[in-house]
Amino acid sequence: TMLTIRKEQMDLFRDASSQRFIERASEYLKKSFAPQCEALGDVKLREFIRSGVQRAGRRGITTSRNACIYLDVMMTLGVDFDRDPRLPWIRRILGSRSVTETVRMDRLYEAVMRMLDQISSSGMKVDRR
């Protein structure tokens, strides 16, 4: 079955891939992930955002708010976080079609935060490829 994207989702998705969104996301990521963004540089950061929006879109994530959370997790866990064999729970959350994309992204964000808390409290280093 082809994924049917409703018109209002398309409009939101256009917003998420628009130049304005890319600028806003770029500013946001620079605040939250200064060293990583510095290392990437502006051109690569924009590519990172565009590719993240496309990846998110393939997972049914279409609103700019939810695309931002997706980019956040990409920055935190690595570009291929949704394919990491060590993190099967991420695919379960992203794949749960019985809930809205906002519920999925909230669950993902909370689960990632919990994981990072556990890691930092156990003194383990996070491998942020």
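Just so we're clear, the structure is a prediction, and the values are computed from it rather than from any experiment.

**Notes on the overall build of the protein chain**
Looking only at helices and strands, the protein chain has six helices and zero strands in total. Shown N-terminal to C-terminal, the secondary structure of the protein chain runs as helices and strands in the order α-α-α-α-α-α. With 129 residues in all, the protein chain has 40% of them scored as buried. A separation of at least 24 residues holds for 58% of the contacts in the protein chain among residues at least 6 apart in sequence. Here the protein chain displays about 7,900 Å² of accessible surface, and carbon together with sulfur accounts for 56% of that area.

**Some words on the nonpolar core**
If you look at the biggest cluster of nonpolar residues, it comprises 32 residues, and the most contacted ones within it are Leu 29, Ile 49, Phe 81 and Leu 108. Mapped onto this core, the elements with two or more residues apiece are α2 (19–32), α3 (34–58), α4 (64–77), α5 (88–95) and α6 (101–122). Looking at which element gives the most residues to this core, the answer is α4, with eight residues. Excluding its chain neighbours within four sequence positions, the residues that come into contact with Leu 108 are Val 73, Phe 81, Ile 90, Ile 93 and Leu 94.

**Regarding the packing of α5 against α6**
At a minimum axis distance of 8 Å, the contact between α5 and α6 shows a crossing angle of 160°. Judged on the interaxial angle alone, α6 and α5 are roughly antiparallel. Handedness of the α5/α6 crossing: right-handed. Residues Trp 89, Ile 90, Ile 93 and Leu 94 of α5 form the contact with α6, whose own contacting residues are Arg 104, Met 105, Arg 107, Leu 108, Ala 111, Val 112 and Met 115. Split into classes, the residues belonging to the contact of α5 with α6 amount to nine nonpolar, no polar and two charged.

**Quick look at α3**
Every α-helical turn comprises 3.6 residues, leaving residues that sit three or four positions apart pointing alike. Between the first and last C-alpha of α3 there are merely 27 Å, a value that for 25 residues lags more than 12% behind the 36 Å anticipated at 1.5 Å per step. Roughly 110° is the biggest bend found in α3, and it falls at Gly 41. Taken as a whole, α3 has its buried residues at Cys 37, Leu 45, Phe 48, Ile 49, Gly 52, Val 53, Arg 55, Ala 56 and Gly 57. Two residues or fewer past α3, Gly 60 is found with a positive phi of approximately 80°.

**Points about the pattern of salt bridges**
Using the criterion set out here, one finds eight salt bridges in the structure. Put simply, Lys 30 and Asp 42 hold a salt bridge, and the shortest N to O gap is 2.9 Å. Of the two residues, Lys 30 is situated in helix α2 and Asp 42 in helix α3; the sequence distance between them amounts to twelve residues. Judged by relative accessible area, which is 31%, Lys 30 ranks as partly exposed. Close ionic contact of Asp 80 with Arg 55 constitutes a salt bridge, the shortest N to O distance being 3.0 Å. Of this pair, Asp 80 sits in the loop between α4 and α5 while Arg 55 sits in helix α3, placing them 25 residues apart in sequence. Taken together, the salt bridges that share partners define one network made up of Arg 55, Arg 59, Asp 80, Asp 82 and Arg 83.

Each value, and the rule that gives it
Residue positions are given per chain, counting from 1 as you read along its sequence in written order. Where totals are concerned, whole chains, interfaces and linings use all residues; where local detail is concerned, this predicted model gives features only for residues with pLDDT of at least 70, and gives and counts side-chain atom pairs only at 80 or more. Side-chain measures were taken over the full set of non-hydrogen atoms in the model, leaving aside hydrogen atoms and water. Secondary structure elements are taken from DSSP: a helix is a run of H or I of four residues or more, a strand is a run of E of two residues or more, and numbering for both begins at the N terminus. Residue exposure (1.4 Å probe, protein chains only): buried if accessible area is under 20% of the type maximum, exposed if over 50%, otherwise partly exposed. Only heavy atoms enter the contact rule, under which two residues are in contact if any of them lie within 4.5 Å. Note on areas: Shrake-Rupley with a 1.4 Å probe; residue coverage comes only from the protein chains shown. Residues grouped as a nonpolar core are buried Ala, Val, Leu, Ile, Met, Phe, Trp, Tyr and Cys residues, joined through side-chain atoms within 4.5 Å. Only the contacting stretch of a helix is used when fitting its axis, a line to C-alpha atoms as for every element, and angles between N-to-C directions run 0 to 180 degrees. By the definition adopted for this analysis, an angle is roughly parallel if under 35 degrees, roughly antiparallel if over 145, roughly perpendicular if from 65 to 115, and oblique otherwise. In this scheme the handedness of a crossing depends on how the near helix is turned from the far one: anticlockwise by less than a right angle means left-handed, clockwise means right-handed. Polar here means any residue other than Ala, Val, Leu, Ile, Met, Phe, Trp, Tyr, Cys and Pro, which are nonpolar, and Asp, Glu, Lys and Arg, which are charged; Gly is therefore polar. Take the number of residues in a helix, subtract one, and multiply by 1.5 Å to get its expected span. Axes are fitted to the seven residues ending at a residue and to the seven starting at it; the angle between these axes is taken as the bend at that residue. By salt bridge we mean one thing: a side-chain nitrogen of Lys or Arg within 4 Å of a carboxyl oxygen of Asp or Glu.

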